[in-house]
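Coordinate inspection notes
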Amino acid sequence: MGLAFFGLNSETSNQYKLNLFTEIHEIVFYGRGGYTWGDVYNLPMWLRNYTYKKIKEHYEKEAEIAKNASSNSNPNQTTLIKPDGTINKPAFTQASQPYKSKL
C-alpha cells in the first residue's frame with residue numbers, strides 16, 4: 001500500500017530510480033569521458049538536470065546539422081555508406097581500385 005502523503009511510494013520509486021540512473025548513464029556516456037558515474041551521482045539535482053539538458057541540446061543540434069547536410073547534399077554524389085547503414089558495394093569497389101594496385 002502506498003503512502004498517503006506527498007513522496008515516493010513503491011510504484012513511483014522504481015520509476016524515479018530508473019529515470020535517475022538513465023540520466024546518469026546518458027551524462028557519463030554522452031559526456032565522452034568528461035564525467036564519472038560517481039561524480040554525476042553526487043551532483044546536486046539542479047546541476048545534474050542542467051548538465052543533462054545541455055548535453056541533450058548539443059546532440060539534438062548536432063543531429064539537425066547532420067540531417068540538413070545530408071538533405072542538401074549533391075544528388076550525383078555517391079557515398080560508401082547508404083542511409084540505412086549498409087555498404088554501397090559498387091561505390092566501395094570503385095573507391096578501393098587505386099589501393100588494390102599497391103598491394
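Thresholds, definitions, all that
- Starting afresh in each chain, residues are numbered from 1 along the sequence in its written order.
- Since the coordinates come from a predicted model, pLDDT governs what is reported: local features require at least 70, and pairs of side-chain atoms require 80 or more to be given and counted, while whole-chain, interface and lining totals use all residues.
- Each side-chain value is derived from all of the structure's non-hydrogen atoms; neither hydrogens nor water enter the calculation.
- pLDDT measures the predictor's confidence residue by residue and takes values from 0 up to 100.
- Every helix listed is a DSSP run of H or I at least four residues long, and every strand listed is a run of E at least two residues long, numbered separately from the N terminus.
- The term salt bridge refers to a side-chain nitrogen of Lys or Arg lying within 4 Å of a carboxyl oxygen of Asp or Glu.
- Whether a residue is buried, partly exposed or exposed follows from its accessible area with a 1.4 Å probe, protein chains only, as a fraction of its type maximum: under 20%, in between, or over 50%, in that order.
- Ring geometry is summarised as follows: Phe, Tyr and Trp rings, the Trp one being its six-membered ring, pair when their centres sit within 6.5 Å, and such pairs are stacked at plane angles under 30 degrees, edge-to-face over 60 and tilted between the two.
- Each patch is built from residues that are more than 30% exposed by relative accessible area and take part in no salt bridge. Like charges join if they lie within 9 Å; nonpolar side chains (Val, Leu, Ile, Met, Phe, Trp, Tyr) join within 5 Å.
- Here the open area of atoms and residues is found with the Shrake-Rupley method and a 1.4 Å probe, where only the protein chains shown may cover a residue.
- The span you would expect from a helix comes to 1.5 Å times its residue count less one.
- Throughout, the arc means the angular range of directions from the helix axis out to the C-beta atoms.

1. Concerning the confidence of the model for the chain
Mean pLDDT over the chain: 84, with 84% of residues reaching 70 or higher. Mean pLDDT values for the elements of the chain range from 84 in helix α4 (residues 89–100) up to 94 in helix α2 (residues 37–41).

2. A few points about the pattern of salt bridges
With the rule as written, the count across this model stands at two salt bridges. For E23, the salt bridge identified is with R48, shortest N-O distance 3.2 Å. Residue E23 is found in helix α1 (residues 10–30), and its partner R48 is found in helix α3 (residues 45–71); the two are separated by 25 residues along the sequence. When sorted by exposure, E23 lands in the same class as R48, which is buried. The salt bridge involving E57 is made with K54; its shortest N-O contact spans 3.6 Å. Taken together, the positions of E57 and K54, both in helix α3 and three residues apart, correspond to about one turn of that helix.

3. Digging into the packing of aromatic side chains
For the coordinates displayed, the defined rule picks out four aromatic pairs. Ring plane angle 10° and centroid distance 5.0 Å describe the contact between W37 and Y41, whose orientation is recorded as stacked. Of this pair, W37 and Y41 both sit in helix α2, four residues apart, which is roughly one turn of the helix. Owing to a relative accessible area of 43%, W37 belongs among the partly exposed residues under this scheme. Given the relative accessible area of 41%, Y41 is considered partly exposed. Members of the aromatic cluster, each reached through a chain of ring pairs, are F21, W37 and Y41.

4. Some remarks on a nonpolar patch on the surface
Taken together, L80, I81, I87 and F92 make up a surface patch of nonpolar side chains, about 380 Å² in accessible area. With respect to the secondary-structure elements, F92 resides in helix α4.

5. Here's the deal with α1
End to end, α1 covers 30 Å across 21 residues, agreeing with the expected 30 Å (1.5 Å per residue, within 8%). Those residues of α1 that sit buried are S13, L20, E23, I24 and I27. Taken around the axis of α1, the buried residues stretch over an arc of 95°, which confines them to a single face. Set apart from the buried face of α1 by more than 90 degrees, the exposed residues are E11 and F29. Trailing α1 by a residue or two, R32 shows a phi angle of about 50°, which is positive.

6. A look at the environment of T93
With respect to the helices, strands and loops of the structure, T93 is situated in helix α4. Note on T93: relative accessible area 38%, which makes it partly exposed. Considered as a pair, T93 and L80 are 13 residues apart in the sequence and their alpha carbons are 9.3 Å apart.

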